[in-house]
Amino acid sequence: MSGATHTAGPRLYDRTAELAAVARLSARTAAGRGGVLFVTGNPGEGRTSLLSRAASDFPGTAYRVAAPHHRGPWSAARALFATLAPTPAAARRALRLARGEGGPARAVATLVTEAEPVLICVDDLHLWDAHSRAALAAAWQEADGRGSGRPGRVGWLVSAARHHRFPEVPGAETVRLGRLTTAGARALLADLCTVAAPAPLVGERLLDEAAGHPGVLAATVRRLTAAQLAGTRPLPQPAVDDTVLAEVYGGLLERLPAASRRLLATVAVAVLAGRTGADCARAETYGVRDGGGGVGGRASARASAEPLEGLVADGLLRRRRGGAVGFDDPFLGRAALASARRSWRGETRAPGPATGATPSADPPTDRPAAGAAALARGQGHRADRLGPSAAVRALSPVARGRAQLVRGLAALAGGPVMDAHEELLQAAELLRGRAPVEASDARFLAMEAAWAGGDVEGCLAALDGGEDVRGTERDFADGLSAALTVRLDDARTALTRVVTGDGATDDPRLLLRAGSAALVLGDTATAARVHARALVRARAEHRTALLPRALEQLAYAELRAGRYSRAARTAREGLRTAEATGQHNVAAHQHAVLALVASVEGDGTAVTEHAGRALATAGPHGLVQAATLAEWALARAELGRGLAAQAAARLVPLVRPGPRGGHFALRMLVVPCFVEAAVATGRDAEAREAAEEYAAWAALGVDGPAQAQLARCRALLGEGEAPAYWFGEAVRRHDSCGNDFERARTLLAYGTWLRRRRRPGDARGPLRDALVTFERAAAGGWAEHTRSELRATGGASGGATDPAALRELTPQQQRIVRLVARGATNQEVADHLSLSPRTVDHHLRGVFARLGIRSRVELPGVVDGWDADREARTVATARPECR
């Protein structure tokens, strides 16, 4: 339905569906069930009008509560209770009750005592203080009648800007206001022009430029004179100019952080330039100046890079295919650009579309001028046909650099990373000398893109040329360049200063850089600790866009440190935040980490799923690091299932150098796994070649477990009795580096070697130790492989079957032993007996010590021995009675 939908109360246009949702809320409230209805929309789309209409139509008592002018703790709740309470004293009592144990639902119930239903209309929730919003969210949880008092007789109609995220409220409905149809906009225009209808051509022009936006149309009509509406005087060019957009969108933009406003303006430049098919636009056309002013002045790109994904998550920007970002609401982009112009340096403005100055009455005679005019009016489709203008091609270097920085950030988050690398390098070159801090950030972002793409030369190119960089940024660039060119003494000196300096700050970006430096130095424990601090700071500062990256770095550091359960938990959270903010490349890396953890646990299904999803993004986007991790996970899972030939074939490309090999930072980490698979399939020559290169790399001291894994490789490749020495040396070295999973793999390989040397008695000890470790790590596939080896030695079961051993255990321990013997995990035993898994593990350790066994795999034999003895004694006791 178009046009007016109701005559009572404020007149609305094209709001049939929204009014139907309000009617449903009213019916539920009248029936005593209450409820919550959320209304969201862009500025000027009629949220307040809808609330006024709902209050007017409601059959009971309706209250309207607007956001207070003063925004302090509990200021909005104070305004709410002042509206509902009959006296100021009652309002103060309600506020004290809401802030105490009674809670907001109880406070509302004390004020809303009418027998008839009540509708509370809360306007502009996004402007309310955090304390009041949290209190309201708690009250809405009880709006269905489960709370105290009469909350079921209360309905809540709540409006907020589209970028605001409403709380999770079960059963709440959300309606989103949109643009008007042509018929609805025409009806609104007719009502706005109360003196006389506008001239037909004027009306069509206003409807075309307003594009169905009710607030823009109303603001445009208000600033026109009667002569302009009648068509006897010319309209402004464009009619919807900066003044109109400032009136409609000014409140929203003023409340955004300065960094977000700058970024919106930069994206607007990039989008408008892209719509004309050119790379840039003239400074005068968009108000962008030379000399370092431009969009956002000399502010760091650090302020631009971090809010980008936050703006996408908030709905102010939208990510399109290929990773590009743009505006769902084109008026918002133009308003952001108009708002930014007022703060740019060089305030001298050239006349033309950017300033809203009215041109001469003569129509433009050249196509570039016509294209610029069409572009300024928001008519991108007409500007495309007229072709790019010389003005568009003459955009200032600073503006072009910032536009390319935005495009590079978008590609880095969700597009081909080497495209992002090129965009960011070009942005750094354009900004160098004009905006040095932004140029520095662009170079480091380009380095991150090249690192993800496995391009060493690209990393070095991004790190080179930063003459203006000082302090720890300089140390990081020099140290990383030295590490990439295998000048490790220089790298250690510079990167240690980064870990010490940036690691002591509270800036999450600097902490992430310090953690990366620690990883390059091979200090995984410090890297995990510093990245955990970065995550805490990013959460505390509500840096939505930075959270996925912080979680990505932390998950990888924990993976490298051998903390697999922590890595999995962090990666799962990182995956959720990356997908929520559209950072698909980060999500691919988290899938790869989860695949590696699943390969440790022996969960083949999870390995295949996560690795497949990582590779699906890594291939088209050139994510060599994520692809290497995913392929490694698949190979390790195959090796754990005994499929050594498949694992070796998968790992061969990863350990080879060159552009078609694995990631340069991961290639050596994969070698021990490849050597194990290659030796098992008779590919000894390839295994020896890889092991020799690995030995040279391990000697550099950049990876803690490398020496232990090198000893294992030499044991696997040794002849005669030499492997016995190297296996023992590997176990000794593992004890000092702390990766229990790799130690268990070494023990498994040692036990297997002993069994094949026909020494089953000697093999049982290492195999049992390996089995205990695999079971503690929940590495099911590896544990099963170890059990098969242990059974082959004749030692799969056995232990303390002496009935006297049963009496040495407490009743609780006996119950735990029987459940574990039936195959229950520690978690299942804990759930069954109402204990914690840690308590179950503690009891099992005591059981193993008292019974003299080393693994839970021996418990079924122990329990069978006990039961057999008890049955025999029962039969012996019953025989005399039978006689």
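Note on numbering: residues in each chain are counted from 1, in written sequence order. Totals for whole chains, interfaces and linings use all residues, but because this is a predicted model, local features are given only for residues with pLDDT of at least 70 and pairs of side-chain atoms are given and counted only at 80 or more. The side-chain numbers reported here are obtained from all heavy atoms of the structure, hydrogens and water having been left aside.

## Here's the deal with the packing of aromatic side chains
Any Phe, Tyr or Trp ring, taking Trp's six-membered ring, that has another such ring centre within 6.5 Å forms a pair; planes under 30 degrees apart are called stacked, those over 60 apart edge-to-face, and the others tilted. All told, the structure shown has eleven aromatic pairs when counted by the stated rule. Ring centres of Tyr564 and Phe741 lie 5.7 Å apart, and the angle between their planes is 75 degrees; this geometry places the pair in the edge-to-face category. Of this pair, Tyr564 sits in helix H28 (residues 564-580) while Phe741 sits in helix H37 (residues 740-756), and the two are 177 residues apart along the sequence. The pair Tyr564 / Phe741 is uniform in exposure class, with both members buried. Relative to Trp697, the ring of Tyr694 has its centre 5.6 Å away and its plane inclined at 40 degrees; by these criteria the two rings are tilted. Of this pair, Tyr694 and Trp697 both sit in helix H34 (residues 684-698), separated by three residues, roughly a single helical turn. A run of DSSP states H or I qualifies as a helix once it reaches four residues; a run of E qualifies as a strand once it reaches two. Both are numbered from the N-terminal end. Only protein chains enter the area calculation, which uses a 1.4 Å probe; residues under 20% of their type maximum are buried, those over 50% are exposed, and those in between are partly exposed.

## Here we look at the sheet that holds strand S4 (residues 154-161)
DSSP calls a pair of strands paired once it identifies at least 2 bridges connecting them. In spatial order, the strands read S2-S3-S4-S1-S5; together these five strands make up an open sheet with parallel pairing. Only two strands of the sheet have a single partner each, and these edge strands are strand S2 (61-65) and strand S5 (173-176). Each strand of the sheet is rotated relative to its neighbour by a mean of 15 degrees, with strand direction disregarded. Relative to strand S3 (residues 118-122), S2 is paired through five bridges, and the arrangement is parallel. Within the sheet, the bridge partner assigned to Thr61 lies in S3 and is Val118. Helix axes use the C-alpha atoms of the stretch in contact, all axes being lines fitted to C-alpha atoms, and the angles between their N-to-C directions lie in the range 0 to 180 degrees.

## Some words on the confidence of the model for the chain
Confidence scores labelled pLDDT are given residue by residue by the predictor and lie between 0 and 100. Chain-level pLDDT for the chain is 78 on average; 80% of the residues reach the 70-or-more range. Within the model, the stretch residues 1-7 combines pLDDT values under 50 with 25 contacts to residues more than four positions away or in other chains. Two residues form a contact once any of their heavy atoms are found within 4.5 Å. In this model residues 344-392 is a low-confidence stretch, pLDDT under 50, and it forms 79 contacts with partners more than four residues away in sequence or in other chains.

## Side note on empty space enclosed by the protein
To find leftover empty space, one rolls a probe the size of a water molecule over the atoms. Grid points spaced at 1 Å and placed over the protein atoms alone form the basis of the search, with a cavity being a set where a 1.4 Å probe fits but cannot get out and a pocket an open set showing protein on both sides within 12 Å along at least five of seven lines. Lining residues have an atom within 4 Å of a point. Grid points are joined across faces, edges and corners, and a volume is the space filled by probe spheres set on the points. Per the stated rule, a full pass over the model turns up ten cavities of 30 Å³ or more. Forming the boundary of the largest cavity are 20 residues, of which Tyr564, Trp632, Arg636, Gln709 and Glu742 lie nearest the centre. Of all elements in the fold, only helix H27 (547-560), helix H31 (624-640), helix H33 (667-680), helix H35 (706-717) and H37 reach the threshold of two or more residues within the lining of the largest cavity.

## So, a positive patch on the surface
On the surface, Arg566, Arg569, Arg572 and Arg576 cluster together into a patch of positive charge. On the secondary structure map, Arg576 appears in helix H28. Like-charged residues are merged into a patch within 9 Å and nonpolar side chains (Val, Leu, Ile, Met, Phe, Trp, Tyr) within 5 Å, provided each residue has over 30% relative accessible area and no salt bridge. Here the accessible surface of atoms and residues is derived via Shrake-Rupley with a 1.4 Å probe, and residues count as covered only by protein chains that are part of the display. Here, a salt bridge means any Lys or Arg side-chain nitrogen found within 4 Å of an Asp or Glu carboxyl oxygen. A residue counts as positive if it is Lys or Arg and as negative if it is Asp or Glu; His and the chain ends are not included. The atom standing in for a charge is NZ when the residue is Lys, CZ when it is Arg, CG when it is Asp and CD when it is Glu.

## Concerning helix H42 (residues 826-833)
Of all the positions in H42, only Asn826, Val829, Ala830 and Leu833 are classed as buried. Angularly, the buried residues of H42 cover 100 degrees about the axis, an arc narrow enough to put them on a single face. Seen from the open side of H42, the exposed residues pointing more than 90 degrees away from its buried face are Asp831 and His832. Ser834 lies just past H42 and shows a positive phi near 60 degrees. Within this analysis, the arc is defined by the directions that extend from the helix axis to the C-beta atoms.

## Looking at the pattern of salt bridges
Counting across every chain of the model gives 41 salt bridges. When the shortest N-O distance is used, the salt bridge between Arg47 and Asp124 registers 2.9 Å. Of the two residues, Arg47 sits in helix H2 (residues 47-57) while Asp124 sits in the loop between S3 and helix H6 (130-140), which places them 77 residues apart along the sequence. With respect to burial, Arg47 and Asp124 carry one shared label: buried. Glu789 is the partner of Arg755 in a salt bridge, and the nearest nitrogen-oxygen pair spans 2.6 Å.

## Regarding the side chain of Glu676
Within the fold, Glu676 resides in helix H33. Counting of polar contacts relies on pairs of N or O atoms within 3.5 Å, with two restrictions inside protein: one atom must be capable of donating a hydrogen and the other of accepting it, and residues adjacent in sequence are counted only when both atoms are side-chain atoms. Polar side-chain contacts of Glu676 include one of 2.6 Å to the side chain of Arg745. Ignoring sequence-local partners within four residues, the contact set of Glu676 consists of Leu639, Arg712, Leu716 and Arg745.

## Describing the side chain of Glu45
Inspection of the secondary structure assignment puts Glu45 in the loop between strand S1 (35-41) and H2. Glu45 gets classed as buried once you look at its relative accessible area, which sits at 3%. At a separation of 2.9 Å, a polar atom in the side chain of Glu45 contacts the main-chain amide nitrogen of Asn42. The residues touching Glu45, leaving out its near neighbours within four places in the chain, are Arg15, Arg162, Leu177, Gly178, Arg179, His213 and Pro214.

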